[in-house]
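Chain by chain, the residues:
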Amino acid sequence: KKLFNGLTMSISTLESKETQVESGQSMKSVKQTLISQGAMIAPQVHKRVRCIICTPQAIENLTQRVRQALKRGVDIVDIKWLNDSVRQGKRLEVDGYLRNDLARALMAEKKEQDDMRQRANNIDEVDIPDHATGGWSEPIELDCCCVCHENGDFNCPWCTNPDCNVYSRMRKAGKFPSNSS
């Protein structure tokens, strides 16, 4: 008798060369094992899927199938359940292998990070002072690129330079304090 006869399952392994070496199983080998034991494999997670067999990497990375399983209330089962069931020659209960809580927690953490990133990027939530009512008065023609004159700062290193035409003009007009150093 086949262990998974009549069950429709989906698989998410998030394959890479490193994970295949670690787990010793690729998506292809998991699929072959399930089919040889009577399961039908669904490429997508839908209402007829009994569970999704996942590697820890697929859960940690919240693959599309893991997210679909959460959304549709499908059991997310660690790949160890498949291996242990085949090794023992009987279909084990999935309770000890369920990873829905872990996936839900990771999803909530990801959502919180996304929300924080969104708040940080949301210009509407940042207070930007309105400079239209204060700050600058009418422009003054000073032939100088700094704004210290407008702000009343007479210790500007550029304007106290005797070569600055503003310095000489304002000093002659008595508007620029003399430099007593």
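Above this text sits the structure in question.
Calculation rules
Residues numbered from 1 in each chain as written. Predicted model: local features only at pLDDT ≥ 70, side-chain atom pairs only at ≥ 80, totals over all residues. Heavy atoms only, no water. Helix = DSSP H or I, 4+ residues; strand = E, 2+ residues; numbered from the N terminus. Buried < 20%, exposed > 50% of the residue type's maximum accessible area, 1.4 Å probe, protein only. Contact = heavy atoms within 4.5 Å. Areas by Shrake-Rupley, 256 points an atom, 1.4 Å probe, with all protein chains shown as cover. Core = buried A, V, L, I, M, F, W, Y, C linked by side-chain atoms within 4.5 Å. Salt bridge = Lys/Arg side-chain N within 4 Å of Asp/Glu carboxyl O.

## Points about the overall build of the protein
So, point 1. In terms of regular secondary structure, the protein is built from 8 helices and 4 strands.
So, point 2. Element order for the protein, N to C, with α for helix and β for strand: β-α-α-β-β-α-α-β-α-α-α-α.
So, point 3. Counting all 181 residues of the protein, 33% fall into the buried class.
So, point 4. Across the protein, the fraction of contacts at a sequence separation of at least 24, relative to all contacts at a separation of at least 6, is 58%.
So, point 5. When the accessible area of the protein is evaluated, it comes to approximately 12500 Å², of which 49% is carbon and sulfur surface.

## Some words on the nonpolar core
So, point 1. Membership of the largest hydrophobic core comes to 17 residues, with the highest contact counts inside it found for Phe4, Met9, Val30, Leu34, Ile53, Val77 and Trp81.
So, point 2. Of all the secondary structure elements, the ones that give two or more residues to this core are β1 (8-12), α2 (27-36), β3 (51-54) and α5 (79-88).
So, point 3. Counting residues per element, this core draws most heavily on α5, which supplies 3 residues.
So, point 4. The contact partners of methionine 9, leaving out residues within four places of it in the chain, are Phe4, Leu34, Met40, Ile41, Ala42, Val49, Cys51, Ile53 and Trp81.

## Section: the pattern of salt bridges
So, point 1. Applying the stated criterion across every chain yields a total of 8 salt bridges.
So, point 2. Aspartate 101 is the salt-bridge partner of arginine 104, the closest N and O atoms lying 2.8 Å from each other. In this pair, arginine 104 and aspartate 101 are both assigned in helix α6 (residues 100-121), 3 residues apart and thus about one turn of the helix distant.
So, point 3. Exposure remark for arginine 104: the relative accessible area of 45% places this residue in the partly exposed category.
So, point 4. One salt bridge connects lysine 110 with aspartate 114, and the closest N-O pair in it is separated by 3.1 Å. Taken as a pair, lysine 110 and aspartate 114 lie in helix α6 at a separation of 4 residues, close to a single helical turn.

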